[in-house]
Amino acid sequence: MAQEGVQLDLETFSCSICLDLLNDPVTIPCGHSYCMNCIKAHWDLMDNRTIHSCPQCRQTFTPRPVLVKNTMLADLVEGLKKTGLQAAPPEHCYAGPEDVACDVCTGRKLKALKSCLVCLVSYCEKHLQPHFESSAFEKHKLVEPSKKLQENICSRHDEMMKMFGFTDQQNEPVSAAEERTEKQKELEVSRQNMQQRIQDREKDVKELQQEVEAINRSADKAVEDNEKIFTELIRLMEKRRSDVKQQVRSQQETEVSRVKDLREKLEQEITELKKRDAELEQLSHTEDHTEFLRNYHSLSRLSESTDTSSINIRPLRYFEDVTAAVSELRDKLKNLLGEKWTISLMDVDVLLSNSQLEPKTRAGFLKYAREITLDPNTAHTDLLLSDGNRKVTVMSQEQSYSSHPDRFTFWSQVMSKESLTGRCYWEVECRGGGGYVAVSYKNISRVGSSNKCGFGWNNKSWALNCYQNSYSFWHNNVKVPVTDHRSCRIGVYLDHSAGILSFYSVSETMTLLHRVQTKFTRPLYAGLGLDLCYVDTAEFCKLK
């Protein structure tokens, strides 16, 4: 703490011109203090001027202030000197290995505050002052401290390089400043393109984040819904198990009761038969023939025998049919829910889409209407966008679009700003000799004339071509003829998750031209292409 206090005193009572302790301190009207000789020398250099200023705050004074020694400040400085301390600059003012050092300082060098491109010398604050005070330095160029000043010296002429290059037309030398001005303009254009690209990529990142959130929401809902469904299935299985158990027990009770009743009847019959048999035995020993004959008729008649036809002994096999039925159900569920049973989300979506979910009427399609605008950064230079970037027209002259990596350089095409996922529907009005309505992944190639760039000529795009009153569908350079049904309005329906892309001819009714069933692996973008040989226009229609 003591050292910090000493350092504060040294800085407080040091002259900002000579960086030493104040000697004969004077205080000028703005409140700053200097050595008497330092401020005089500073103003003497400005004698040819009518206005004098403070070296620190630049406050001006007219006329030149009269300098009077500040006795109180002088006494404080004298007291500080008596402590034996030297007025050295703070430690952080000295140049380290990584700093640019003042070329003028002797001994331990201070940090450079500026470098001069004319002097090719770096200066600390003290030695830089003449550049601010003398008119001789007015044309000198001060820059941030640099260790590479010597690189500006021509090795052949041993002086500062003044020439940079040559003009393209006249082969004349130009100054570095002129060349810098020209390159600065190009740099600004490059920065604008870079910033636009950054904005585009940030937008893409935001869209991808939104897609991640949508995927997470959909997955969470699917998990929640399927938990409910499987819980319901388990509940249903539990109920069926309970019902079967109850039915078996009920049937068991019925069958056991039936058998017990029959057994009791048989036991009662056996008792009666034994009794009759004993009576008959006794009768057989009767010696009186008349009594024997009289009793024989009444004792020889047997009672009606119990019906035993329902007796069917099947040990452990009474309910085998139930077990067989349940086993069959188990085997079916095992086959359905076992290792071979997998859920394909696309298959589920396709099943639903093909059966009930795909709209049947234009009103149904309009429920999924999507407003689409064109991205100027993708448009070929022969295409003009208008009507809020919903309409594209072939022009005879190139348009003044800025350079952009997303622009189609050969194919007369343009893509939408909006990415397309989920279920979408839009309509395109086409006028003129020819064009095509397409969807494409964003990573389709843009530069050159190869098939990698043309809608429908690669595996990254799908296109319905409309030329000379006929239709054809293209994907991966494969053409599929489409039944003609000429209409200037084309409806496009996309069910991204189900992998369905359908093209319709829209008039008083909707006529299906072509349907694609595939698997889309990333977001799609709407695309339009026009034939440069015709005066064509195409426009995304307002549907809402």
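Residues numbered from 1 in each chain as written. Predicted model: local features only at pLDDT ≥ 70, side-chain atom pairs only at ≥ 80, totals over all residues. Heavy atoms only, no water.

The protein chain has the name Tripartite motif-containing protein 16 in an unreviewed UniProt entry, where Nibea albiflora is given as its organism.

**Student:** Would you take a moment to explain the overall build of the protein chain for this structure?
**Tutor:** Scanning the protein chain from terminus to terminus reveals nine helices and 22 strands. Every one of the 544 residues in the protein chain was classed for burial, and the buried ones make up 31%. Here the contacts in the protein chain between residues at least 6 apart in sequence split such that 57% fall between residues at least 24 apart. Of the accessible surface of the protein chain, which amounts to about 35700 Å², a share of 53% is contributed by carbon and sulfur atoms. (Helix = DSSP H or I, 4+ residues; strand = E, 2+ residues; numbered from the N terminus. Buried < 20%, exposed > 50% of the residue type's maximum accessible area, 1.4 Å probe, protein only. Contact = heavy atoms within 4.5 Å. Areas by Shrake-Rupley, 256 points an atom, 1.4 Å probe, with all protein chains shown as cover.)

**Student:** It is not clear to me how the pattern of salt bridges should be interpreted in this structure. Could you clarify?
**Tutor:** Where charged atoms from two side chains of opposite charge approach closely, those side chains can pair. Scanning the model with the defined rule gives 24 salt bridges in all. Close ionic contact of Glu224 with Lys228 constitutes a salt bridge, the shortest N to O distance being 3.8 Å. Residue Glu224 and its partner Lys228 are located together in helix 5 (residues 176–284), separated by four residues, close to a single helical turn. What makes Glu224 partly exposed here is its relative accessible area of 45%. Arg489 serves as the salt-bridge partner of Glu427, at 3.0 Å between the closest nitrogen and oxygen. Linking Glu427 in strand 13 (residues 423–431) with Arg489 in strand 18 (residues 489–495), this pair joins segments that are 62 residues apart in sequence. What makes Glu427 buried here is its relative accessible area of 0%. By sharing partners, the salt bridges in this structure join Arg362, Glu427, Glu429, Arg431 and Arg489 into a single network. (Salt bridge = Lys/Arg side-chain N within 4 Å of Asp/Glu carboxyl O.)

**Student:** Would you mind showing me how to read the sheet that holds strand 13 here?
**Tutor:** Whether parallel or antiparallel, the strands of a sheet pair through hydrogen bonds between backbone atoms. Across the sheet, which stays open at both edges, the seven strands sit in the order 10-11-22-13-18-19-20 with antiparallel pairing between neighbours. The open sheet has two edge strands with one neighbour each: strand 10 (383–386) and strand 20 (510–517). Across the sheet, the axes of successive neighbouring strands diverge by a mean angle of 20 degrees, strand direction being ignored. Relative to strand 11 (residues 391–394), strand 10 is paired through four bridges, and the arrangement is antiparallel. Within the sheet, the bridge partner assigned to Ser386 lies in strand 11 and is Lys391. (Pairing = 2+ DSSP bridges. Axes fitted to C-alpha atoms, helices over the stretch in contact; angles between N-to-C directions.)

**Student:** Just to check I follow, could you spell out helix 2 (residues 36–44) for this structure?
**Tutor:** Within an α-helix, residues lying three or four positions from one another point in the same direction, as the helix has 3.6 residues per turn. Buried within helix 2 we find Met36, Cys38, Ile39, His42 and Trp43. The inward-facing, buried residues of helix 2 contact strand 1 (25–27), strand 2 (33–35), strand 3 (52–53), strand 4 (60–61) and helix 4 (125–133).

**Student:** Would you mind going over the sheet that holds strand 7 (residues 142–143) with me for this structure?
**Tutor:** Across the sheet, which stays open at both edges, the three strands sit in the order 6-5-7 with antiparallel pairing between neighbours. This sheet does not close on itself; its edge strands, each paired only once, are strand 6 (121–123) and strand 7. One ladder, built from two bridges, connects strand 5 (residues 114–116) with strand 7; its direction is antiparallel. Its bridge partner lying in strand 7, Ser115 is registered against Val143.

**Student:** Can you walk me through the nonpolar core in this structure?
**Tutor:** General note: in soluble globular proteins, nonpolar side chains tend to be found buried as a group. With 36 residues, the main nonpolar core has Val392, Trp426, Trp462, Leu501, Phe503 and Leu528 as its most contacted residues. Residue contacts for Leu501: discarding those within four places in its chain leaves Val439, Trp462, Val492, Tyr493, Leu494, His514, Arg515, Val516 and Phe520. Core analysis: the second largest hydrophobic core is formed by 19 residues, Cys15, Leu21, Tyr34 and Trp43 among them. (Core = buried A, V, L, I, M, F, W, Y, C linked by side-chain atoms within 4.5 Å.)

**Student:** Help me understand the environment of Leu512, please; the structure alone is not making it clear to me.
**Tutor:** Within the element layout of this structure, Leu512 appears in strand 20. Among the residues examined, Leu512 registers a relative accessible area of 38% and is labelled partly exposed. A C-alpha to C-alpha distance of 7.3 Å links Leu512 and Ser502, two positions ten residues apart in sequence. Setting aside its immediate chain neighbours within four residues, Leu512 contacts Ser502, Phe503 and Tyr504.

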